[in-house]
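Each chain, letter by letter, is given below.
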Amino acid sequence: MEMLEEKLRLLRIYRKFGWKAIDLDGKIPLRRNWSTNPPTTEEVAEALSRTPQLNIGIVCGELSGIISVDIDQPELIGFDAKPAIAKGALAHTTSKGARLVFRSENPEVLKFSRKLIRKWDELTKEEQEKVIGKEEYEKEFGEGKNPVVTLIEILGSGRQFLAPPSTHPEKGIKFEWLTPLPESKDEILEIKDLEHLKE
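Within each chain, residue numbers correspond to sequence positions counted from 1 in written order. In keeping with the predicted nature of the model, local features appear solely for residues at pLDDT of at least 70, side-chain atom pairs appear and are counted solely at 80 or more, and the whole-chain, interface and lining totals rest on all residues. Computation of side-chain values covers all heavy atoms of the structure but excludes hydrogens and water.

A. Summary view of the packing of aromatic side chains. When the centres of two rings from Phe, Tyr and Trp lie within 6.5 Å, Trp using its six-membered ring, the rings pair. Their planes under 30 degrees apart give stacked, over 60 give edge-to-face, and anything left gives tilted. Under the defined criterion, the tally for this structure stands at five aromatic pairs. Summarising the aromatic geometry, the rings of Tyr14 and Trp19 are spaced 5.4 Å apart at their centres and angled 20° between planes, so their arrangement reads as stacked. Tyr14 sits in the buried class, given a relative accessible area of 0%. Seen in terms of ring centroids, Trp19 and Trp177 are 6.4 Å apart; in terms of plane orientation they differ by 45°. Their pairing is tilted. Note that Trp19 is positioned in the loop between α1 (2-16) and β1 (21-25) and Trp177 in the loop between β9 (160-163) and α8 (194-198), a separation of 158 residues in sequence. Judged by relative accessible area, Trp19 falls into the buried class, the value being 3%. When accessible area is computed with a 1.4 Å probe and restricted to protein chains, residues below 20% of their type maximum are described as buried, those above 50% as exposed, and intermediate ones as partly exposed. The buried category is assigned to Trp177, whose relative accessible area is 16%. Under the DSSP-based scheme used, a helix requires at least four consecutive residues in state H or I and a strand at least two consecutive residues in state E, with every element numbered from the N terminus.

B. Just the nonpolar core, in detail. Definition used in this section: a nonpolar core is a set of buried Ala, Val, Leu, Ile, Met, Phe, Trp, Tyr and Cys residues joined via side-chain atoms within 4.5 Å. Judged by nonpolar contacts, the single largest core of 24 residues is most densely connected at Tyr14, Trp19, Leu48, Ile56, Ile58 and Phe161. When residues of this core are assigned to their parent elements, the largest contribution, six residues, is made by α1. Here a residue-residue contact requires only that any non-hydrogen atoms of the pair lie within 4.5 Å. Discounting chain neighbours no more than four positions away, the residues touching Phe161 are Ile56, Gly57, Ile58, Cys60, Ile66, Ser68, His92, Arg99, Val101 and Leu155. If you look at the next biggest cluster of nonpolar residues, it comprises 17 residues, including Ala81, Ala89, Phe112 and Leu197.

C. Summary view of the pattern of salt bridges. Throughout this description, the term salt bridge denotes a Lys or Arg side-chain nitrogen within 4 Å of a carboxyl oxygen of Asp or Glu. In total, this model carries 13 salt bridges according to the counting rule given. Measuring nitrogen to oxygen at the nearest pair gives 2.5 Å for the salt bridge that ties Arg99 to Asp70. In this pair, Arg99 sits in strand β6 (residues 98-103) while Asp70 sits in strand β4 (residues 66-71), placing the two residues 29 residues apart along the sequence. Judged by relative accessible area, Asp70 falls into the buried class, the value being 7%. In this structure, the salt-bridge partner of Glu136 is Lys171, at a minimum N-O distance of 3.8 Å. Residue Glu136 is located in helix α7 (residues 134-142), and its partner Lys171 is located in the loop between β9 and α8; the two are separated by 35 residues in the primary sequence. Judged by relative accessible area, Lys171 falls into the partly exposed class, the value being 36%.

D. Quick peek at α1. Each helix should span, by expectation, one fewer than its residue count multiplied by 1.5 Å. For α1, built from 15 residues, the straight-helix expectation of 21 Å at 1.5 Å per residue is met to within 8% by its first-to-last C-alpha distance of 21 Å. Where α1 is concerned, the buried positions are Leu4, Lys7, Leu8, Leu10, Leu11, Ile13 and Tyr14. Buried-residue contacts for α1 involve β1, α2 (41-50), β3 (55-59) and β9. Phi for Gly18, located one or two positions after α1, is positive at around 85°.

Below you can see the structure in the form of structure tokens.
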């Protein structure tokens, strides 16, 4: 019951920010057309009340006015989230690194999605040592596969992310906010253009 109350509390905060929430089975959206016609907050709350183990997803891009950046391999790419957080980016845990959330009013930024990857055999031994989940990649490589390591992923329109207090379906890790949630969405760091995003 405690977890349901926490989900409903955060759902209200997400609505206050203007974020479109969806109900997820693990990481999979339960509703068709979620990226163009998401359910209301009330519909998601009802689904969670009926089935408390469901997760919460947040629709990225123009519908919510946000983009998120998944830093899956922070050590490998030498990324430090602290400067972005200090400027007002929101951050929460994931099953690997941190996810940063930014607001934007620029359609070009909100529509932008990109995934930066490297194949396991392209990494040096030193780089492989820094990979989060190294054992899984080594196992796949030992089975004759050449797994792809996602370094960073930017989620814009048509994408969604698993939001706190959801639980990762395979790893059982509960996602938590690393930053306090502000009173207003205006306090979230704004990305004005794609050049700003690169910073």
